[in-house]
Amino acid sequence: LKIQFAFCLQRANDYNARDCQSWRNAIMQYNIAHEWEPRLIEYITVNCAKSLCELKFLTSNYLTLDLFTRPFEKVEKFTSQLFSRPQRELHELFPKLRELEFSNWPKIHDGEQLLHNEFMANCFPHLEHLTIYLDCKYKYNTEDFAIALRLSPRVKTLEGNVWFEVLFDENNFKLWNSNEHFQNLERLDLEVMLYKRPTLCEILRKTFSEDLRLTNLKELNVFVEQGFFGHRSISDDLNTVWSFPITCEKLEYLRIE
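So, here's what we can say about the structure. Bear in mind that the values here come from a model prediction, so they are computed numbers and not experimental data.

1. Overview of a nonpolar patch on the surface
Logical step 1: Where nonpolar side chains cluster on the molecular surface, the patch consists of Met 28, Ile 32 and Trp 36 and spans about 320 Å² of accessible area.
Logical step 2: Along the chain, the position of Ile 32 falls in helix α1 (residues 20-48).

2. Some thoughts on the nonpolar core
Logical step 1: Phe 94, Trp 163 and Leu 188 are the most contacted members of the largest nonpolar core, which has 53 residues in total.
Logical step 2: In terms of residue count, helix α5 (residues 163-168) provides more of this core than any other element does, five residues in total.
Logical step 3: Not counting residues up to four positions away in its chain, the partners in contact with Trp 163 are Leu 130, Ile 132, Phe 145, Leu 149, Leu 158, Leu 188, Asp 189 and Leu 190.

3. What to know about the sheet that holds strand β5 (residues 157-160)
Strand pairing in a sheet relies on backbone hydrogen bonds. The paired strands run either parallel or antiparallel.
Logical step 1: Taken in spatial order, the eight strands line up as β1-β2-β3-β4-β5-β6-β8-β10 in an open sheet, and their pairing is parallel. Every other strand in the sheet has two partners, leaving β1 (54-57) and β10 (253-256) as the edge strands with one partner each. Here the average twist between neighbouring strands, direction ignored, is 10°.
Logical step 2: Where strand β3 (residues 99-102) lies against strand β4 (residues 129-132), four bridges are found, and the strand directions are parallel. Along β4, the bridge assignment pairs Leu 100 with Leu 130.

Rules used throughout
Residues numbered from 1 in each chain as written. Predicted model: local features only at pLDDT ≥ 70, side-chain atom pairs only at ≥ 80, totals over all residues. Heavy atoms only, no water. Patch = residues over 30% accessible without salt bridge, like charges linked within 9 Å, V, L, I, M, F, W, Y side chains within 5 Å. Areas by Shrake-Rupley, 256 points an atom, 1.4 Å probe, with all protein chains shown as cover. Salt bridge = Lys/Arg side-chain N within 4 Å of Asp/Glu carboxyl O. Helix = DSSP H or I, 4+ residues; strand = E, 2+ residues; numbered from the N terminus. Core = buried A, V, L, I, M, F, W, Y, C linked by side-chain atoms within 4.5 Å. Buried < 20%, exposed > 50% of the residue type's maximum accessible area, 1.4 Å probe, protein only. Contact = heavy atoms within 4.5 Å. Pairing = 2+ DSSP bridges. Axes fitted to C-alpha atoms, helices over the stretch in contact; angles between N-to-C directions.

This is the structure in structure tokens:
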């Protein structure tokens, strides 16, 4: 019912540098793991693609998805820290996907654009839960996520730290149609990391001609972090009016932090 593979649970830099032998052993284990990883993924793809119901990969080798050469017909939940361009589009690899979760390893592939349009902007007809956590150093196009949402009408939950920009970026906001989009959305997470992305203030200060109506939203979590860190605080401008241009008619739970 379940297969779990764990390679090199500790990275080399987790060891005390003075313990040279432990450090060498860790390096060897780490390299061996990455040598065997493609073979393992290939084996799973060939022998388990028709039976697996859930896949979870925690690895720093983001090229692994290139080894997926056939669809996983029964997989409903896919969790990964991998970002790549697979040979097949994601919705073709996982045609029955209901839960999708992506996050990134920090401090790797800095500056590289990940989650390209052809990778993320797919139609997921069965997708209900979408979770995306990305480090602020990563480059990504909010339009890719917006396209995925417009093509995936059954989404019930949006968790992670990208959705504020995806929903309220001016280029995306004007494309939402409340009668077509987000009809099934029940939970929404909005993270506004102003000290990392000061340009988000421009969205908060913008006057929208109309609200995005989330008619069935039941839970809304809003997290705003301004930060000081030696710079002028965002909140110093007391005359600034912030606006979240959404209307929620059935909201049952609200968290503002």
